[in-house]
Amino acid sequence: DYDEALTRLVNELELDVELPTTQEFIDKTVEVAENYLELSIYDEAERNFLKVLEIQPDNLSARRGLIEVYTESQKPEQLKEQIVALIDALINKKEFDECIKYCEQLLEKEPDNLEVREKLVEAYKGSGNMESFAGELMYLADVYIEKEQYEQALKMYEKIEAENIDIIDIHPHITQVLVAL
């Protein structure tokens, strides 16, 4: 068989052969990875999902697959890393509702994760949930004030002010921070 002979030749000569990276190739690689995942062959599933992400870092299927791999194989650090990467990809693709779900999932375990909280703010804004957007910014501002990071707190208040959200009178808060500076 031609494919077998070609594979043997490549292996014997230790050639580094790259296959074309068409969308069809990417889709098939995701499908192969999902099959390995279904069979609980996590190392092969991981290898194939990572291969896809080298080519398409925002591939949601591969990110979700890796999250499942790391959940099943109990690798919490890699799991967290992939959830954060998925959150970024979801923001890039403007899939804010799913992004909010993953942010909240991470924040249940790490409520003090300010990076994820700021991504949650972005997702709330993108989804049009301005009340939650403002509430999360107020929470972040309080955290920054507590840490005496007044310039960061001021930035949070300025984001609320820029959106003309009438839920909160932001000016007393801004004044308080400016006095602290």
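Residues numbered from 1 in each chain as written. Predicted model: local features only at pLDDT ≥ 70, side-chain atom pairs only at ≥ 80, totals over all residues. Heavy atoms only, no water.

Draft legend 1. Local environment of the side chain of Thr29. Locating Thr29 in the fold gives a position in helix α2 (residues 23–38). Overall, the relative accessible area of 7% leaves Thr29 in the buried class. (Helix = DSSP H or I, 4+ residues; strand = E, 2+ residues; numbered from the N terminus. Buried < 20%, exposed > 50% of the residue type's maximum accessible area, 1.4 Å probe, protein only.)

Draft legend 2. Region of interest: the packing of helix α3 (residues 42–55) against helix α4 (residues 60–72). Close contact between α3 and α4 brings their axes to 9 Å; oriented N to C, the two are set at 150 degrees. Between α3 and α4, the crossing angle belongs to the class labelled roughly antiparallel. Judged by the twist between their axes, the crossing of α3 over α4 is left-handed. Every residue of α4 that contacts α3 at Tyr42, Ala45, Glu46, Phe49, Leu50, Val52 and Leu53 is listed here: Ser61, Ala62, Arg63, Gly65, Leu66, Val69, Tyr70 and Glu72. (Axes fitted to C-alpha atoms, helices over the stretch in contact; angles between N-to-C directions. Parallel < 35°, antiparallel > 145°, perpendicular 65-115°, else oblique. Left-handed = near helix turned anticlockwise from the far one by under 90°. Contact = heavy atoms within 4.5 Å.)

Draft legend 3. Molecular detail of helix α8 (residues 130–146). Taking 1.5 Å as the rise per residue, α8 with 17 residues should run 24 Å; its terminal C-alpha atoms sit 24 Å apart, in good agreement. Within α8, the full set of buried residues consists of Phe133, Ala134, Glu136, Leu137, Met138, Leu140, Ala141, Val143, Tyr144 and Ile145. Of the residues flanking the end of α8, it is Glu148, one or two places downstream, whose phi is positive at about 60 degrees. (Expected span 1.5 Å × (residues − 1).)

Draft legend 4. Up close: the pattern of salt bridges. By the definition in use, this model includes 8 salt bridges. Measuring nitrogen to oxygen at the nearest pair gives 3.9 Å for the salt bridge that ties Lys119 to Glu115. Taken together, the residues span about one helical turn, with Lys119 and Glu115 both in helix α7 (residues 114–127) at a distance of 4 residues. Overall, Glu115 belongs to the partly exposed group, its relative accessible area being 47%. (Salt bridge = Lys/Arg side-chain N within 4 Å of Asp/Glu carboxyl O.)

Draft legend 5. Highlighting a negative patch on the surface. A cluster of acidic side chains, namely Glu24, Asp27, Glu31, Glu34, Glu38, Glu68 and Glu72, defines a negative patch on the protein surface. The set of elements that each furnish at least two residues to the negative patch consists of α2 and α4. Counting residues per element, the negative patch draws most heavily on α2, which supplies 5 residues. Here Glu24 is to be found in helix α2. Owing to a relative accessible area of 59%, Glu24 belongs among the exposed residues under this scheme. (Patch = residues over 30% accessible without salt bridge, like charges linked within 9 Å, V, L, I, M, F, W, Y side chains within 5 Å. Areas by Shrake-Rupley, 256 points an atom, 1.4 Å probe, with all protein chains shown as cover. Lys, Arg positive; Asp, Glu negative; His and termini not counted. Charge placed at Lys NZ, Arg CZ, Asp CG, Glu CD.)

Draft legend 6. Here's a closer look at helix α6 (residues 96–109). Between its terminal C-alpha atoms α6 stretches 20 Å, which fits the 20 Å expected from 14 residues at 1.5 Å a residue. Along α6, the residues classified as buried are Phe96, Glu98, Cys99, Ile100, Tyr102, Cys103, Leu106 and Leu107. Looking at the buried side of α6, the elements it contacts are α4, α5 (76–92) and α7.

Without other data, these values stay purely geometric and don't point to any function.
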